[in-house]
Amino acid sequence: MSITAEYIKEKLQRELEATHIDVEDTSPNHCGSAFNVTIVSAKFEGKPLLQRHRLVNACLEEELKDIHAFSQKTLTPEQWQKQQK
Amino acid sequence: MSRVFLTTARFLRTQGARSAFLRALSSEAADTGSREHIDGLVKKDKVVVFMKGVPQQPMCGFSNAVVQILRMHGVDNYSSYNVLEDENLRQGIKDYSSWPTIPQVFLSGEFVGGCDILLQMHQNGDLVEELQKVGIRSALLDKQPDTDKDKQ
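Residues numbered from 1 in each chain as written. Chains lettered and ligands numbered in written order. Predicted model: local features only at pLDDT ≥ 70, side-chain atom pairs only at ≥ 80, totals over all residues. Heavy atoms only, no water.

In the nomenclature of an unreviewed UniProt entry, chain B corresponds to Glutaredoxin-related protein 5, mitochondrial from the organism Branchiostoma floridae.

The following threshold applies: UniProt positions are given in the numbering used here, feature names are shortened, and annotations may be inferred rather than shown by experiment.
Chain A carries the name BolA-like protein 2 in an unreviewed UniProt entry, which gives Branchiostoma floridae as its organism. Regarding chain A, the relevant UniProt record gives this comment under Sequence similarities (unreviewed entry): "Belongs to the BolA/IbaG family."

Shown next as structure tokens:
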């Protein structure tokens, strides 16, 4: 069973109460082994980068065992808004 | 000679003895993944990188990115360990830092992050500061005047 972008999106949205999520399957043929993820969540506020990434890693602990490449960007709603301008 | 072999074979016939024998065989190799061993590795140098391949020939895009970022900052003298050559180290370093992926970067024995984090620290300027904290002057600081001159 391969992991889908939709599955990751749903799980992160649920567990990190994300207000915005982009999940891109960057594996060849979209076979679910490489993902690029952008997550916007208020839960990241006041947390340094390492802790934010740890939150995401913990949420996808099981899935990451089967994912070979995982890139993440973790933003607070405020940072995300600034980036949109 | 054959008697020794027979005795050994008889000895190994019991399951418990067999696994004890295998453990004894692999105990030396398992050490490279132990907390104590890795603790020594990360504290041995100001900058320590666990990666796939070697800096001269990285075997993965993420490991390559880390090498290139460090190079941009003029950091060439760091310890690197190729996890592809040591399965125990590969798993051990993940357990040590509670981080699921390779590469992993350590500054003065402290875990900094993987490729994503190093790249973002490079982009937002934090890496220059973090290097400074461990007594390394980033080469990008010296290049700054040149780029200013180019702009004028």
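Once the structure has been displayed, the description carries forward.
**Re the nonpolar core**
Most often, soluble globular proteins have nonpolar side chains that are buried together. The condition is simple: Here, nonpolar core means buried Ala, Val, Leu, Ile, Met, Phe, Trp, Tyr and Cys residues that are tied together by side-chain atoms lying within 4.5 Å of each other. Only protein chains enter the accessibility calculation, which uses a 1.4 Å probe. A residue is then buried if its area is under 20% of the maximum for its type, exposed if over 50%, and partly exposed in between. Helix and strand assignments follow DSSP, with helices taken as H or I runs no shorter than four residues and strands as E runs no shorter than two, numbered in order from the N terminus. The criterion used for residue contact is that any of the two residues' heavy atoms lie within 4.5 Å.
One finds V47, V49, F50, I93 and F106 of chain B to be the most contacted residues of the largest nonpolar core, which totals 35 residues. Sorting the residues of this core by element identifies α3 (35-42), β1 (47-51), α4 (61-72), α5 (87-97), β5 (104-107), β6 (110-113), α6 (115-124) and α7 (126-133) of chain B as the ones contributing at least two each. Here F50 of chain B is in contact with L41, V42, Y81, V83, L89, I93, I102, P103, Q104 and F106 of chain B, once residues within four sequence places are set aside. Judged by nonpolar contacts, the second largest core, of 17 residues, contains L16, V23, L64 and I67 of chain A.

**A few points about the environment of V47 of chain B**
Within the secondary structure, V47 of chain B is located in strand β1. Filtering out sequence-adjacent residues up to four positions away, V47 of chain B remains in contact with L70, V75, Y78, S79, F106, L107, L131 and I136 of chain B.

**Concerning the side chain of D116 of chain B**
Selection rule: Positive charge is attributed to Lys and Arg, negative charge to Asp and Glu, and no charge count is given to His or to the chain ends. Salt bridge, as used here: a side-chain nitrogen of Lys or Arg that lies within 4 Å of a carboxyl oxygen of Asp or Glu. Nitrogen and oxygen atoms within 3.5 Å of one another constitute a polar contact, given that in protein one can donate a hydrogen and the other can accept it, and given that sequence-neighbouring residues count only through two side-chain atoms.
Along the chain, the position of D116 of chain B falls in helix α6. For the buried D116 of chain B, which has no salt bridge, the nearest side chain bearing the opposite charge is K73 of chain A, at an N-O separation of 7.3 Å. Within the structure, the side chain of D116 of chain B is placed 2.5 Å from the backbone nitrogen of Q72 of chain A, a separation counted as a polar contact. Among residues more than four places away in sequence, those in contact with D116 of chain B are H53, F70, S71 and Q72 of chain A.

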